[in-house]
Every structure is written in structure tokens, then in C-alpha cells.
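# Geometric and topological summary
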Amino acid sequence: MCGVVGGWVTRAAGKPRALGLTPKDRRTILAALADSAESRENSAGAWCDGCARAAAGACDRHAADLDAAAEYRAAAARIGGDI
Ligand SMILES: [Zn+2]
């Protein structure tokens, strides 16, 4: 579900009103993005053996969690949110 919301907001970037978003819709989307970003960041914070061995400091899965969290925060910023 988080990916669906993220994709919807990404497509809406710069044109949130074109989708007929109400202020409540916007708050709901921002809350979902904040929850999703926090969840991904918490997941990435549970470093694993793969992270310990990775030269970059994070395994592919946990690096993807951090990337997703950054995308959620960027999408929120595009609709004027600060999460
Ligand atoms: Zn890991």
C-alpha cells in the first residue's frame, strides 16, 4: 500500500489540485508518507550481517529501505509537506 500511495503522489507532483485533493486528502497522504518513511528508516536501522559486510555500510535491502524513505520524503515535499 505504501508504494501505491508513493506512486500516486509522484504522478501528482506539482499538480496536487489537478487531482482534486482536498486539504484532508493532502494531510492523509502526508501522514501515510511520514509513516512509510519512518517504517523504512526503522527497518534500515536494524543492520544485519549483510550490512556489516557491505563496503557501502548497508546491504542492498537496507539501502533500498533508505532510498524508499528518501523518495517518500521527496514526494511529500513536492506536495508542500514537511515530514
Ligand atoms: Zn542489511
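For the structure itself, look to the data block above.
Attention in this report is confined to the structure presented alongside it. Throughout this description, residue numbers start from 1 for each chain and increase along the sequence as written. At least 70 in pLDDT is required for a residue's local features to be given in this predicted model, at least 80 for side-chain atom pairs to be given and counted, and no such filter applies to totals for whole chains, interfaces and linings, which use all residues.

Time to look at the environment of Ser 43. Under the scheme used here, helices are H or I runs from DSSP no shorter than 4 residues and strands are E runs no shorter than 2 residues, and both carry numbers assigned from the N terminus. Position of Ser 43 relative to the elements: it lies in helix H2 (residues 23–44). Exposure remark for Ser 43: the 15 C-beta atoms within 10 Å place this residue in the partly exposed category. Measuring from C-alpha to C-alpha, the distance between Ser 43 and His 62 comes to 7.0 Å, with 19 residues separating the pair along the chain. Here the C-beta atoms are placed from the backbone, and a residue counts as buried if at least 20 other C-beta atoms lie within 10 Å of its own, exposed if 12 or fewer do, and partly exposed otherwise.

In this section: the nonpolar core. Listed in full, the 11 residues of the largest apolar core are Ile 29, Leu 30, Ala 32, Leu 33, Ala 37, Ala 68, Ala 69, Tyr 72, Ala 75, Ala 76 and Ile 79. Elements with a contribution of two residues or more to this core: H2 and helix H4 (60–78). To define a nonpolar core, we join buried Ala, Val, Leu, Ile, Met, Phe, Trp, Tyr and Cys residues through C-beta atoms within 7 Å and take the resulting set.

Right, let's get into H4. Multiplying 1.5 Å by the helix residue count minus one yields the expected span of that helix. End to end, H4 covers 27 Å across 19 residues, agreeing with the expected 27 Å (1.5 Å per residue, within 8%). Residues His 62, Asp 65, Ala 68, Ala 69, Tyr 72, Arg 73, Ala 75 and Ala 76 constitute the buried set of H4. All buried residues of H4 project into a common sector of 160° when viewed along the axis, lining one side. One or two steps after H4, the chain reaches Gly 80, where phi turns positive at roughly 85°. This arc describes the spread of directions from the helix axis toward the C-beta atoms.

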